[in-house]
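Now for the letters of each chain:
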Amino acid sequence: MIETLEVSRLRGYEYSINLNRVKDQKILDIISNDPRVERLDLINGYINIRIKEDVLLESTAKLEILNKRVSIEYPSVNPNKPWHIGHLRNALIGESMYRILKQRYNQVYRIDYIDDLGLQVAQSFWYFRKFGLTSEHPRFDHAIGMDYVKANQMFQEHEHEIREVLREMEENNIAREFVDRVLGDQLKTAQLYGIGTDIRVYESNIKLDLFNQGIQELKRNGYVEYVDSGDLKGTYVTKFNRKVIIRSDGTATYLGKDIVFQLWKAGFLSGLKFVEQDGVKISNTNGSIYNLNSDIIINVIGIEQSQHQQEIKELMNNMLPNKEYHHLAYQRVRLREGHFSGRKGNWLGYTADDLYNEGYERMNNKELSLAAIKFYILRHNPKTEVVFDWDKALNTQGGSGVYLLYTYVRMLSIERNASVEPKPKSLDDDDRELMKFYLHYRASMDKAIKYLDPSVVAELSLKLAEEFNSYYSKHRISNNPTKLFVLKRLKDLYEHLLYLLTIPTVTSI
RNA sequence: GGGCCUGUAGCUCAGUUUGGAUAGAGCGACGGCCUUCUAAGCCGUAGGUCGUGGGUUCAAAUCCCACCAGGCCCGCCA
């Protein structure tokens, strides 16, 4: 009962209900008879509930675990460039969301999709084969990214040739080694930022082991049909919303390839084979069959693909009404002068690695640099556009990742200086305010999961840090058994929150 | 033409889904606080037509309608 109510903003109370919302008098009886309730007060038309101290002291960060298989796909960066800040946003939202989801579902899998048969890779591979590496950078992904800008300028003139390369890639997978070399470097950035994956799927393997059988299956089940007249003559379209998935020349559209993959995630199609390497399942035609069978499918993809995602969602809901399909849409990170464009190459100087290096230079510390960047990105609601600003991204003062770590280190320091054993006696209102964060945590996690939004957790962490710093300046903690106990509990929760935000901790600053 | 997202303090953002207590933070400005657990901190002051106009309601930043501004999407591209 109590769990469903909102956590009160008033000091000393844990929950509050607006009297006007109480439609049924029985609710009042139930609340006042709840053994966990210590006291009810009526103030300004609100029922304020104070719960018993031991209930507060015993609250934990453990949520009810649901038995569902969840997959979340991110960051799926094209393997022909280094990660820029926009890719980093995708990866951080994905990784944080993954960690949050794991608190609620018993099986959560991270998927990274590698588009090794895309036009972008074809352009880069064509250029590389023709001219070799023409940009200088110690990292292959960076150099290739710079070369891509040049390759793109030549695209129109050499389109026929490049499309021919793409066909060769599709037939003989000739770019795989090139792609893996770029990917290997991209993964260094991923590792730097603590971004992980469980399942890596290459488009070439989908093409090889899943696509044709998948399309046959869809035809057999009547989900797609051949068009024999009109504008779309010669294509195969989805029966449900008449979107082209096979062109009249027999090749697959983006939607066609995508839908097959999403259906694989849901367990509707089978055939992908995997080998395991360092705990990661990697698609490989010589491996063994594995099916994910997700109940809930989440894709972290830019908001500009909303319409495309909506089409897939409708199709999935239509075919598999028992599965959930979600598009976690995020706005782009952009520069003052405009959006990132691989074509123009204005991501130069704004790669995820550049960002880290600049942070390291300013703070001379790996964790502080990472914390600043991660918090800056994650505290924005995914739907809001982030206009990139060096000083804001690498802020070391209030409302920053550095502030969060500083607060954490302060907690550790007080614990180190403790002169008594932590043991709770009676809590004053300030102690209760801190213990209440366990209740706030539950509410925030519900919200973060419901709306697929890690910024909820970022805001909670910041509020906790602010509340604690205020508490710290007001009370002497290290010689007070109750306050040391509260500190310990709060620190446990805080550590957990930082973990959810992918922010690594430090022990001193 | 159709659809989606955004608009809250000088700046960057919470709060909008579930209408309700004086609309909250940070940065920047100004003023305080280090012989006491980390001052990358804390406390205080100034700063608001919640894009605009209607509507619903006892009550609207929040719900409904229209409009304005910025961004994005509507292909046998990906």
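Scroll up to find the structure.
Residues numbered from 1 in each chain as written. Chains lettered and ligands numbered in written order. Predicted model: local features only at pLDDT ≥ 70, side-chain atom pairs only at ≥ 80, totals over all residues. Heavy atoms only, no water.

Caption draft 1: Representation of the protein's contact with RNA strand B. Close to RNA strand B lie 57 residues; Tyr46, Arg247, Val409, Ser413 and Tyr451 are nearest. The share of sugar and phosphate among atoms of RNA strand B within 4 Å of the protein is 62%. Asparagine 18 is positioned such that a nitrogen or oxygen atom in its side chain is 3.0 Å from a sugar or linking oxygen of RNA strand B. Here a base nitrogen of RNA strand B sits 2.5 Å away from a polar atom, N or O, in the main chain of tyrosine 472. At seven residues, the largest contribution of residues to the surface near RNA strand B is made by helix α14 (residues 401–416). Each residue belonging to the surface near RNA strand B can be placed in one class, and the counts come to 16 nonpolar, 25 polar and 16 charged. (Near = heavy atom within 4 Å. Polar contact = N/O pair within 3.5 Å; in protein donor to acceptor, adjacent residues only side chain to side chain. Helix = DSSP H or I, 4+ residues; strand = E, 2+ residues; numbered from the N terminus. Nonpolar A, V, L, I, M, F, W, Y, C, P; charged D, E, K, R; others polar.)

Caption draft 2: The packing of aromatic side chains, seen in detail. A complete count under the given rule lists 20 aromatic pairs for this structure. On the numbers, 6.4 Å between centres and 80 degrees between planes, the contact of tyrosine 376 with phenylalanine 388 is edge-to-face. Taken as a pair, tyrosine 376 in helix α12 (residues 366–378) and phenylalanine 388 in the loop between β17 (386–387) and α13 (390–393) lie far apart in primary sequence, twelve residues in all. Owing to a relative accessible area of 10%, tyrosine 376 belongs among the buried residues under this scheme. Between phenylalanine 388 and tryptophan 390, the aromatic rings sit 5.1 Å apart at their centres with planes inclined by 80 degrees, giving edge-to-face as the arrangement. Here tryptophan 390 falls in the partly exposed class, since its relative accessible area comes to 24%. One aromatic cluster is present, built from ring pairs that chain together Tyr113, Phe261, Trp264, Phe274 and Tyr290. Across from the ring centre of phenylalanine 140, 3.7 Å away, lies the NZ or CZ of arginine 181, which sits over that ring. (Phe/Tyr/Trp six-rings, centres within 6.5 Å; stacked < 30°, edge-to-face > 60°. Buried < 20%, exposed > 50% of the residue type's maximum accessible area, 1.4 Å probe, protein only. Lys NZ or Arg CZ within 6 Å of the ring centre and 35° of its normal.)

Caption draft 3: Broad picture of unusual backbone geometry. Cis geometry is found at the peptide bond from tyrosine 74 to proline 75, where omega equals -20 degrees. The topology assignment puts proline 75 in the loop between β4 (66–73) and α3 (85–101). Phi is positive for leucine 452, which is not a glycine, with a value near 50 degrees. Checked against the element boundaries, leucine 452 lands in the loop between α16 (437–450) and α17 (455–474). Notably, threonine 502 is not glycine yet its phi reads approximately 65 degrees, a positive angle.

Caption draft 4: Quick look at the sheet that holds strand β14 (residues 324–330). Pairing is mixed in the open sheet, where eight strands are placed in the order β12-β10-β11-β6-β5-β4-β13-β14. Either end of the sheet is taken by a strand with one partner, and the two such strands are β12 (288–289) and β14. Bridging between strand β5 (residues 105–114) and strand β6 (residues 199–202) involves four bridges; their strand directions are parallel. The partner of isoleucine 114 across the bridge, within β6, is tyrosine 202. In this fold helix α10 (residues 306–319) packs onto β13 (296–302) and β14, with an angle of close to 170 degrees to the strand it touches most, β14. (Pairing = 2+ DSSP bridges. Contact = heavy atoms within 4.5 Å. Axes fitted to C-alpha atoms, helices over the stretch in contact; angles between N-to-C directions.)

Caption draft 5: Up close: the pattern of salt bridges. Evaluation of the coordinates by the stated rule reveals 39 salt bridges. Because the salt bridges share partners, they merge into one network encompassing Arg139, Asp141, Asp185, Lys188 and Asp353. (Salt bridge = Lys/Arg side-chain N within 4 Å of Asp/Glu carboxyl O.)

Caption draft 6: View of the sheet that holds β17. Spatial ordering of the open sheet is given by β16-β15-β17, a layout of three strands whose pairing is mixed. Among the strands making up the open sheet, the edge pair consists of β16 (338–339) and β17. As defined by bridge partners, strand β15 (residues 333–335) adjoins β16 across two bridges and the pair is classed as antiparallel. Note on β16: the bridge partner recorded for arginine 334 is histidine 339.

Caption draft 7: Representation of the packing of α16 against helix α18 (residues 481–500) in the model. Relative orientation of the contacting elements α16 and α18 amounts to 25 degrees, with a least axis distance of 10 Å. The pairing of α16 with α18 is recorded here as roughly parallel in orientation. Pair α16 / α18 crosses with left-handed handedness. Where α16 abuts α18, its residues Phe437, Tyr438, Tyr441 and Met445 lie against Arg489, Leu490, Asp492, Leu493, His496, Leu497 and Leu500. Looking at the contact of α16 with α18, its residues break down into eight nonpolar, one polar and two charged. (Parallel < 35°, antiparallel > 145°, perpendicular 65-115°, else oblique. Left-handed = near helix turned anticlockwise from the far one by under 90°.)

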